[in-house]
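Summary of structural features
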Amino acid sequence: MEIQKYFLDCTGKLLNIIHDNETFVSKKSTYISIGKTTVWNKANKEHPMDISEEKLNHEGFVLYTYGTNVVINGFCDRGKIYGAYEFVEDTLGVKFLNYRYDHIPSINEVKLYAYDETKAPVFQQRAYLNTPVFNKQQDYAVKMRFNSDYCPIDDTMGGYTEWCSFNGNTSHTMVEIVPRSEYAVPGMVDSQGNQLIQEEYRHIFAHTINNGEVVNDWASSGFLDYCFTSGVNDDGSYDDSNEINLVKLTVESLKNWIERYPNCENFMIGQNDTPAGCTCEKCAASNLKYKGGGRMVRFVNLINRQIQEWLKVEHPNRKVNFTMFAYLYTADAPVDDNNKIIDETCRPDPEVYVKYAPIRTATYYTFYDERQPNNSASEQLEKWSKITNRFHAWTYHAWYGNWLWYYPTLKAMQGTMKRLLDKGIVYEFAQGPYTEYNLYQSDIDAYVFSKLCWDLDGSVEEYRNEYIKYFFGEAAYEDILGFHDELDSRYAYIETKEPNMTAGNALTKAEYWPYESTKKMVEAFDNAIIHTMENDELSDYQKATYVESIERASLSARWMRLTVYSRYAGVTDEDVANLAKEIW
């Protein structure tokens, strides 16, 4: 259906859809075959193609010509639809650019190429978390060839690798697995104004002991994390000395979730999004002995073992995997100074994946760049790789405190992805800004990421320029490149002055962004609009579409100029207010 749709959009001609019933096929036929059809069967006898799960990394595809027939197939339905989109892009010239715009050319003649391609994704699961993915716009996710727990995709569009959606939460999931609301005293708050937990349950949440009383440790963000040593003995076995413990409550809850999602294999056991975990005496001792990552592994292993025993009895044919974070206070791997595992109880079980999320890195650099501050992401990933080879990654690609400021993480994306692949990552989740649609950097980074996920040796610059050409139009192309050239020039200068390129206010000093520079960046978009409107080859509709895209993208340049404008000598509040009117 997708090929038929875009063929009609590009040519004005409607292709017939024929349901296979042993149709006569020869090399002179003109079929576009998708899946295991008569065309596939005949073509495959003469030109065998491997569509196994291993060859295609589950959801790749083959695309080749059999005479004047086009043959598309994959191991699963996702592979088939990706193959169809590959044909649409390569043969018709369609470009899937972002959530609201596909470049659809008008063509009079369709040239059939001699295809002989086998393509597989670099990572079996992959996604760039921007606003359309966060808002579950599945048509966009499929075109970007994303497969993510954050954006479920209907079977009619190829489906996705199903994760348990804990009431819509697939990351920091413990709040849904063991919800504190079930253990709170209705309508009561503690001395700090936080929700009061029933006395007999306070110890399963993050806490300290004050004068013999369990006092819950609420983070300043308003989150209450969990005590991940509750129910865990020193030797890593199950501690049932207190009938109320976190292991037991988590296991019983997960049994319900597993039965609620009968086809789901993947369940996240995710800590709360807090910088520090429980600081009780037992957790502090565990953290000291096993490090934060080891403490979490020991907890998740216990959950996994009890669930696997239960599955053998209740659901003997069911396969279930668990994933835990290595994030913030659990980022440190449980290995010693010689990279040896501290204790075997800290080795993740075969059914347990580690999702490495190095949020404290400088994403301006690759993981392995020697300029990475503190304990580099690459070093920690290397340590985790000493004890497991079952990895997911959650990487970061924006300045989260200042989303409109263009912070070029794209320059490091390819190198980081290569390092992740080298360490056996099977799921790369790249987090960009995800609560605002009008962010140019987010859209262009997502596009480049989607391309790299299928060709990791491709040119980042070529992918970026391809996006610019087709999204803004050829008349605006050189102007938008000029914005990027000026941006790159300024950041290259800042690198000579700043020892640490971590996103922050140090990068926004007025001396780094002189007025003529920010003016030049804004004028690049203004000139792009002028050149677009002057192009007589474009229809009024095309002009309006391109101009809207340029205006939206210009917000970053205008915001950057506004941010530093007040710091220039002689600038008044009235000057700043007038400049702000360009945005609001």
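These lines cover the structure that appears in this document, whether it is placed above or below.

Thresholds, definitions, all that
- Residues numbered from 1 in each chain as written.
- Predicted model: local features only at pLDDT ≥ 70, side-chain atom pairs only at ≥ 80, totals over all residues.
- Heavy atoms only, no water.
- Axes fitted to C-alpha atoms, helices over the stretch in contact; angles between N-to-C directions.
- Helix = DSSP H or I, 4+ residues; strand = E, 2+ residues; numbered from the N terminus.
- Parallel < 35°, antiparallel > 145°, perpendicular 65-115°, else oblique.
- Contact = heavy atoms within 4.5 Å.
- Nonpolar A, V, L, I, M, F, W, Y, C, P; charged D, E, K, R; others polar.
- Pairing = 2+ DSSP bridges.
- Buried < 20%, exposed > 50% of the residue type's maximum accessible area, 1.4 Å probe, protein only.
- Polar contact = N/O pair within 3.5 Å; in protein donor to acceptor, adjacent residues only side chain to side chain.
- Phe/Tyr/Trp six-rings, centres within 6.5 Å; stacked < 30°, edge-to-face > 60°.
- Patch = residues over 30% accessible without salt bridge, like charges linked within 9 Å, V, L, I, M, F, W, Y side chains within 5 Å.
- Areas by Shrake-Rupley, 256 points an atom, 1.4 Å probe, with all protein chains shown as cover.
- Salt bridge = Lys/Arg side-chain N within 4 Å of Asp/Glu carboxyl O.
- Lys, Arg positive; Asp, Glu negative; His and termini not counted.
- Charge placed at Lys NZ, Arg CZ, Asp CG, Glu CD.

Considering the packing of helix H13 (residues 474-497) against helix H14 (residues 515-533)
Packing of H13 against H14 brings their axes to within 7 Å, and their N-to-C directions diverge by 170°. Looking at the two axes, H13 sits roughly antiparallel to H14. Residues Ala 475, Ala 476, Asp 479, Ile 480, Phe 483, Glu 486, Leu 487 and Arg 490 of H13 form the contact with H14, whose own contacting residues are Ser 517, Lys 520, Met 521, Ala 524, Phe 525, Asn 527, Ala 528, His 531 and Thr 532. Of the residues contributing to the contact of H13 with H14, the split by class is 9 nonpolar, 4 polar and 4 charged.

Some words on the sheet that holds strand E6 (residues 116-119)
Ordered by their spatial adjacency, 4 strands build an open sheet running E1-E3-E2-E6, and the pairing between neighbours is mixed. Among the strands making up the open sheet, the edge pair consists of strand E1 (32-34) and E6. Averaged over all adjacent pairs, the angle separating strand axes in this sheet is 10°, with direction ignored. With 4 bridges joining them, strand E2 (residues 61-66) and E6 adopt antiparallel strand pairing. Considered in E6, the bridge of Leu 63 is made with Glu 117. Contacts between helix H2 (residues 38-46) and the sheet are confined to E1, E2 and strand E3 (69-74), with E2 contributing the most and set at about 80° to the helix.

Concerning the sheet that holds strand E7 (residues 125-129)
An order of E7-E16-E15-E14-E13-E12 is seen for the 6 strands of this open sheet, with the pairing classed as parallel. Every interior strand has two partners, whereas the edge strands, E7 and strand E12 (266-269), have only one. The average undirected angle you get between the axes of adjacent strands in this sheet is 20°. Sheet strands in contact with helix H11 (residues 440-452) are E7 and strand E16 (425-431), and its direction is about 165° off that of E7.

Brief notes about H2
For H2, the set of buried residues is Thr 38, Val 39, Trp 40 and Ala 43. Of the surrounding secondary structure, the elements contacted by the buried residues of H2 are E1, E2 and E3. Where H2 begins, one side-chain oxygen reaches toward the backbone nitrogen of Val 39, 3.2 Å away; that side chain belongs to Thr 37.

As for the packing of aromatic side chains
Evaluated as defined, the whole model comprises 52 aromatic pairs. Residues Phe 134 and Tyr 434 carry aromatic rings whose centres are separated by 4.8 Å and whose planes lie at 45° to one another, so their mutual orientation is tilted. One end of the pair, Phe 134, is in helix H4 (residues 131-134); the other, Tyr 434, is in the loop between E16 and H11, and 300 residues separate them in sequence. Under the relative-accessibility criterion, Phe 134 is labelled partly exposed at 33%.

Description of unusual backbone geometry
Of note in this structure, Lys 291 is not a glycine but carries a positive phi near 70°. Within the element layout of this structure, Lys 291 appears in helix H8 (residues 281-314).

Focus on the environment of Asp 234
Secondary-structure assignment places Asp 234 in the loop between strand E11 (213-216) and helix H7 (246-260). On the basis of relative accessibility, which here comes to 64%, the residue Asp 234 falls in the exposed class. Separated by 64 residues in sequence, Asp 234 and Arg 298 have C-alpha atoms that sit 9.8 Å apart. Non-local contacts of Asp 234, meaning those with residues more than four positions away in its chain, are made with Tyr 290 and Arg 298.

Here we look at a negative patch on the surface
On the surface, Glu 461, Glu 462, Glu 478 and Asp 485 cluster together to form a negatively charged patch. Counting only elements with at least two residues in the negative patch, the list comes to helix H12 (460-472) and H13. Inspection of the secondary structure puts Glu 462 in helix H12. When its relative accessible area of 58% is taken as the criterion, Glu 462 is described as exposed.

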